[in-house]
Amino acid sequence: MPRASRPVLATLLTVAGPSLLLLAACGDGATADRAKAAASTVAAGPACVSTDTTPVALAVLDFITKAEPLPKRFLTAAGTDSAVPADGFKVLQDKGPTYFYSSDTVAQRKIREKLEEVGPYPSMLVVFRGTTNADNGNTVTVRLGGHYVGGDDHGNVSPTRSFDVRCDTTGWKVAASTTEGGV
């Protein structure tokens, strides 16, 4: 390297060196801040949203899996406020054939005939009775009831149950359930 370029190189290193160190330090701080934010998000767990319908799905799953006799097919009221909401309806579909049950007696008779053709499996009409929120939306109480349609169990009632579904650091969980009326 020629002698004339050495002072230029020394000047560049003198000026540029601290700037590069400053940039490197700022970059590491931003990366560390992002890492801390990501870690706190993981530590806090998922955010449960009060408009989330997961509590209904969890309650429906608990309701149908603990019903006696265990239903193999499901019905939901069509076009009424007793109809199981979408997430709960998906749970019913995942567990077995699911049908819409009309308030029209002719349509009801046709559904019962269809159920009889398919086989003598317990079929439950699941009735949604509403939700209430508490604890700033971190607790949702879901009420469900039902009765059996067709077959040997026709007309048997599955008592209304209330499910307290709570949000914790791991998400929504069924915390408790009670049978209403002491049955």
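Preceding this section is the structure that the text describes.
Residues numbered from 1 in each chain as written. Predicted model: local features only at pLDDT ≥ 70, side-chain atom pairs only at ≥ 80, totals over all residues. Heavy atoms only, no water.

**Q** Looking at this structure, I do not really get the sheet that holds strand β3 (residues 123-134). What am I missing?
**A** Strand order across the open sheet formed by 6 strands is β2-β1-β3-β4-β5-β6, with mixed pairing between neighbours. Single-partner strands in this sheet number two, and they are β2 (98-101) and β6 (171-179). On average, each strand axis in the sheet is tilted by 30° relative to the strand beside it, whichever way the strands run. The pairing of strand β1 (residues 73-77) with β3 spans 4 bridges and is parallel. Note that in β3 the partner of Arg 73 across the bridge is Ser 123. Its contacts with the sheet put helix α3 (residues 86-95) on β1, β2 and β3, and the angle it makes with β2 is roughly 130°. (Pairing = 2+ DSSP bridges. Helix = DSSP H or I, 4+ residues; strand = E, 2+ residues; numbered from the N terminus. Axes fitted to C-alpha atoms, helices over the stretch in contact; angles between N-to-C directions. Contact = heavy atoms within 4.5 Å.)

**Q** What's the story with the packing of aromatic side chains in this structure? I'm lost.
**A** To describe a pair of aromatic rings, one takes the distance between the centres and the angle between the planes. A full pass over the atoms with the stated rule returns 2 aromatic pairs. Judged by centre distance (6.4 Å) and plane angle (85°), the ring pair of Phe 63 and Phe 163 falls under edge-to-face. On the criterion of sequence distance, the pair formed by Phe 63 in helix α2 (residues 54-65) and Phe 163 in strand β5 (residues 157-168) is long-range, its members being 100 residues apart. On the basis of relative accessible area, Phe 63 is assigned to the buried category, the value being 1%. Pairing Phe 89 with Phe 100 gives two aromatic rings, centres 5.1 Å apart and planes at 15°, and the pair type is stacked. (Phe/Tyr/Trp six-rings, centres within 6.5 Å; stacked < 30°, edge-to-face > 60°. Buried < 20%, exposed > 50% of the residue type's maximum accessible area, 1.4 Å probe, protein only.)

**Q** Just to check I follow, could you spell out the environment of Val 149 for this structure?
**A** Mapped onto the elements, Val 149 comes out in the loop between β4 (139-148) and β5. Exposure remark for Val 149: the relative accessible area of 2% places this residue in the buried category. Spatially, the C-alpha atoms of Val 149 and Ile 111 are 9.3 Å apart, while their sequence positions differ by 38 residues.

**Q** Got a minute to help me understand the pairing of β1 in this structure?
**A** A regular strand places its side chains on the two faces of the sheet in alternate fashion. Counting buried residues in β1 gives 5 out of 5 residues, a clear majority hidden from the surface. Alternating residues of β1 divide into Arg 73, Leu 75 and Ala 77 and Phe 74 and Thr 76, and every residue in both groups is buried. Taking the sense of rotation as the criterion, the β-α-β connection linking β1, α3 and β2 turns out right-handed. (Right-handed = clockwise from strand over helix to strand, strands pointing away.)

**Q** Is there a simple way to think about the packing of α2 against α3 in this case?
**A** Describing two packed helices takes the angle between their axes plus the distance from one axis to the other. At their nearest, the axes of α2 and α3 sit 7 Å apart, and the two run at 35° to each other. The chirality of how α2 crosses α3 is right-handed. When α2 is examined against α3, the residues Thr 54, Val 56, Ala 57, Val 60, Leu 61, Ile 64 and Thr 65 are found in contact with a partner set consisting of Asp 87, Gly 88, Val 91, Leu 92 and Lys 95. A per-class count over the contact of α2 with α3 returns 7 nonpolar, 3 polar and 2 charged. (Left-handed = near helix turned anticlockwise from the far one by under 90°. Nonpolar A, V, L, I, M, F, W, Y, C, P; charged D, E, K, R; others polar.)

**Q** Mind showing me how you'd approach α3 here?
**A** For an α-helix, 3.6 residues make a turn, and residues three or four places apart therefore share a direction. Of the positions making up α3, those classed as buried are Gly 88, Phe 89, Val 91 and Leu 92. The arc that holds the buried residues of α3, viewed along the axis, is 155°, so those residues lie on one side. Exposed side chains of α3 directed beyond 90 degrees from the buried face belong to Ala 86 and Asp 94. Along its buried surface, α3 packs onto α2, β1, β2 and β3. (Arc of directions from axis to C-beta.)

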